[in-house]
Amino acid sequence: KDNTILAYPEDVPSNLPVFTMDYPRIQIPFEITLWMLLASFAKIGFHVYHKITIWVPESCLLISIGLIVGAIMHSVLEEPPAVLSSNVFFLYMLPPIVLDSGYFMPTRLFFENVGTVMWFAVVGTLWNSIGIGVSLFAICHIEAFGVQDINLQENLLFAAIISAVDPVAVLSVFEDISVNEQLYIVVFGECLFSDAVTVVLYSMFTFVAEMEVVEPEDVFLGVARFLVVGLGGMGFGVLFGFVAAFTTRFTSKVREIEPLLIFMFSYLAYLVAELFAISSIMAIVCCALTMKYYVEENVSQRSSTTIRHVVKMLGSISETLIFFFLGVVTITTEHEWNWGYILFTLLFTFLWRGLGVLVLTLIINPFRTIPFNMKDQFGLAYGGLRGAISFALAFTLPDSIGRKQLFITATIAVILFTVFLQGISIRPLIELINVRRTNRDVETINVEIHSRLMEHTMAGIEDLCGQWSHFYWKDKFMKFNNRILRRILIRDSRAESSIVALYKKLELQNAMEILDTVSGDISAAPSLKESTNPKKTFMAEDLKNMHDLLSKNMYKIRQRTVAFTSKHALPNDDQPREILIRRHANIRRSLRHGSFQSTIPRSQKYFSLPTGQNLGSKYPSVRRRYAGKLLKLNLQTQF
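Residues numbered from 1 in each chain as written. Predicted model: local features only at pLDDT ≥ 70, side-chain atom pairs only at ≥ 80, totals over all residues. Heavy atoms only, no water.

Within an unreviewed UniProt entry, the label attached to the protein reads Sodium/hydrogen exchanger, and the organism entered is Xiphophorus couchianus. Word for word, the UniProt comment on the protein under Subcellular location (unreviewed entry) is "Cell membrane". Among the UniProt annotations of the protein, the heading Sequence similarities (unreviewed entry) holds the following wording: "Belongs to the monovalent cation:proton antiporter 1 (CPA1) transporter (TC 2.A.36) family." (UniProt positions renumbered as here; feature names shortened; annotations may be inferred.)

Here it is, written out as structure tokens:
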């Protein structure tokens, strides 16, 4: 045996390689990036021709693209990457979806209908889970179907999975046709909180499914566990929301980390809830609802915009990937087909959803100021689509479940049937039966004043009558909030009137619309467009308006130097912002004289003085000076 040590082993090349490739090292992040890019390109393509997404929901299109990609991969004998595991879904993909829904929930509408929302989300999900599970267990006793080995616990587990509603397509239709606010918020809230209830039931029934014998005390322990998990998640969420709001009180000098703090506290609430095995969805939803009100008053406008865009982006990417992956898995995965079990699953899903809406509405209607009529109930029942959450829960079932493949196949069948059939037909059906609608887009100060007046009046009447109802508790909370919570959590603890806040919002929207109209669409300003023609003869009124516009814009710019910044600080843009404010005011004055033909409707264009009038024609000089100081103060606080 030769023990001679070679100075240059034979398997090591002696020359320096010019080109090398190490694909296994970057395989996982590379494939994930490609999947995300492919899904993003699909979304871009859908919206190039926007009429497609009006009649066909985006989730249907994503699933269709996934089916095409899955068919291509199946034809070349390629398996999809195993990226959707239990930990990946629960720790990375689910939090952005839930945070997106919780952060953008209409807060005022939600708290006005919180009882109805929780009634349908909690009791409705339990109704569907128990009803579908028991019905399927009865079907399993029929020998012709060959599913006698599926016990009651596994049927309840499967029923809990397909009870999670995900009406993304329905909410999009409701927004487009402006259904009444009560129906919209109940569908929105039920979608969000039913996911939390479903995940709790999923974890409970997964544990129970592995038990050979279920004792009566286990049922009572399960009910207690359900309450502890739900209420514990709410407590953790509110706690982390308050901590996030208190932290942002001290970030006035470090604006660049404000969005990071919001995401970290939200995700930390979710992870701590997972650590203690309580409802992580409830924790992150309550955290978002709590901190949104206080955080947005502490952070800058840039940070608020960044938070909104990133939250929406992450949630959209996660949900897009799940729908896309659903289409791929439908083709590339080996399915266990049992037509009897799958068809009865579809039947019981529709049956118990419809019965649940009828029974729960019959119970809750006497306690509602505006009860749901039969058309609203049809919208609630028909809008119960299944989606990303159901598929992910079924796909991540433990291998100890004997009929896991059958459950995955039945779940995919329910999702495809509801998303394609109900998602495509919901718009024409809602328009056909003429569901009650409302105009949520037009907000005026007049409406806000009357709403506040009625709320205070109702709170006073309830207080005199000794009835502690919605308006009474809202009034008490607002007093507690203004006296204690705002002083602790908000940097500038002075309570701002909702009327003033609405005025600022409307003025900002008006400025953006005017600047976009004049700057982006030259055809909206005929006098400017026609001035490029040398043969144009201007009227005296046009010349007067041009003179006024130029004279009002000829103000002294205090600083023209470039605003330099350090590595860890954002640039100071106070001067450009001041120029934009003045430009906005000048363009508004010129538009009021009629020199430009704006495309903004008259009912939504101006929210202050009428055309041709100024402060001097309405108020004495003392009030005018006070109004000028107030306007200056508002501009400083707003910008």
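### Quick look at the nonpolar core
Within the largest apolar cluster, 130 residues are counted, with the highest numbers of intra-cluster contacts made by Phe 89, Phe 193 and Tyr 341. At 17 residues, the largest contribution of residues to this core is made by helix α9 (residues 181–209). Structurally, this core is a two-domain feature, drawing no fewer than three residues from each of domain 1 (83–433) and domain 2 (445–494). Dropping the residues within four chain positions of it, Tyr 341 is found in contact with Leu 136, Cys 140, Val 147, Ile 150, Asn 155, Phe 158, Leu 406 and Phe 407. (Core = buried A, V, L, I, M, F, W, Y, C linked by side-chain atoms within 4.5 Å. Buried < 20%, exposed > 50% of the residue type's maximum accessible area, 1.4 Å probe, protein only. Helix = DSSP H or I, 4+ residues; strand = E, 2+ residues; numbered from the N terminus. Domains from an automatic or database assignment. Contact = heavy atoms within 4.5 Å.)

### A short note on a nonpolar patch on the surface
A contiguous nonpolar patch, built from Val 18, Phe 19, Met 21, Tyr 23, Ile 26, Phe 30, Leu 34, Leu 37, Phe 41, Ile 44 and Val 48 and spanning about 1,200 Å² of accessible area, is present on the exposed surface. As for its placement among the helices and strands, Val 48 is situated in helix α1 (residues 23–48). (Patch = residues over 30% accessible without salt bridge, like charges linked within 9 Å, V, L, I, M, F, W, Y side chains within 5 Å. Areas by Shrake-Rupley, 256 points an atom, 1.4 Å probe, with all protein chains shown as cover. Salt bridge = Lys/Arg side-chain N within 4 Å of Asp/Glu carboxyl O.)

### Things to note about the packing of helix α10 (residues 216–247) against helix α11 (residues 258–275)
Two quantities define a packed helix pair, namely the angle between the helix axes and the distance between the axes. Put simply, α10 and α11 touch, their axes get as near as 9 Å, and they point 160° apart. Looking at the two axes, α10 sits roughly antiparallel to α11. Two packed elements cross with a definite hand, and for α10 against α11 that hand is right-handed. Within the contact between the two elements, α10 uses Phe 236, Phe 240, Val 243, Ala 244 and Thr 247 and α11 uses Leu 261, Phe 265, Leu 268, Ala 269 and Val 272. Its residues assigned to classes, the contact of α10 with α11 comprises nine nonpolar, one polar and no charged. (Axes fitted to C-alpha atoms, helices over the stretch in contact; angles between N-to-C directions. Parallel < 35°, antiparallel > 145°, perpendicular 65-115°, else oblique. Left-handed = near helix turned anticlockwise from the far one by under 90°. Nonpolar A, V, L, I, M, F, W, Y, C, P; charged D, E, K, R; others polar.)

### Observations regarding the packing of helix α14 (residues 339–364) against helix α15 (residues 374–382)
For the pair α14 and α15, the least separation of the axes is 9 Å and the interaxial angle reads 140°. Comparing the axis directions of α14 and α15 gives the class oblique. As for the relative orientation of α14 and α15, their crossing is right-handed in sense. Taking contact as the criterion, the partners of Arg 353, Gly 354, Val 357, Leu 358 and Thr 361 in α14 are, on α15, Met 374, Gln 377, Leu 380 and Ala 381. By residue class, the composition of the contact of α14 with α15 is five nonpolar, three polar and one charged.

### Concerning the packing of aromatic side chains
Enumeration according to the criterion identifies 21 aromatic pairs in this entry. Taking 6.3 Å as the distance between ring centres and 35° as the angle between the ring planes, the aromatic pair formed by Phe 90 and Tyr 202 counts as tilted. Highlighted residues: Phe 90 in helix α4 (residues 86–103) and Tyr 202 in helix α9, separated in sequence by 112 residues. Judged by its relative accessible area of 9%, Tyr 202 is buried. Plain terms: the ring middles of Phe 350 and Phe 417 are 5.6 Å apart, the flat faces sit at 70° to each other, and that makes the pair edge-to-face. Taken together, the positions of Phe 350 in helix α14 and Phe 417 in helix α17 (residues 404–433) put the pair 67 residues apart, joining distant regions of the chain. Among the residues examined, Phe 417 registers a relative accessible area of 35% and is labelled partly exposed. (Phe/Tyr/Trp six-rings, centres within 6.5 Å; stacked < 30°, edge-to-face > 60°.)

### Observations concerning the side chain of Thr 396
Counting through the fold element by element, Thr 396 comes out in the loop between α16 (388–395) and α17. Within the structure, the side chain of Thr 396 is placed 3.3 Å from the backbone oxygen of Leu 393, a separation counted as a polar contact. (Polar contact = N/O pair within 3.5 Å; in protein donor to acceptor, adjacent residues only side chain to side chain.)

### What to know about the side chain of Thr 125
Tracing the backbone shows Thr 125 in helix α6 (residues 114–139). For Thr 125, the contacting residues outside a window of four places in its chain are Phe 120, Ser 163, Ser 194, Val 197, Thr 198 and Leu 201.

### A closer look at the environment of Val 219
Looking at the secondary structure, you find Val 219 in helix α10. Val 219 sits 11 residues away from Val 208 along the chain, and the two C-alpha atoms are 9.9 Å apart.

### Here we look at unusual backbone geometry
Of note in the backbone geometry, Ala 277 takes a positive phi value of approximately 55° without being a glycine. Relative to the elements of secondary structure, Ala 277 occurs in the loop between α11 and α12 (280–298). For Ala 277, a relative accessible area of 40% translates into the label partly exposed. Of note in the backbone geometry, Asn 434 takes a positive phi value of approximately 60° without being a glycine. Turning to its location among the elements, Asn 434 is positioned in the loop between α17 and α18 (445–465).

### Side note on the pattern of salt bridges
Taken as a whole, this structure holds 10 salt bridges when the rule is applied. A salt bridge links Arg 403 to Asp 149, with the shortest nitrogen-to-oxygen separation between them at 3.2 Å. Of the two residues, Arg 403 sits in the loop between α16 and α17 while Asp 149 sits in the loop between α6 and α7 (152–161), which places them 254 residues apart along the sequence. Classification of Arg 403 by relative accessible area gives buried; the value is 14%.

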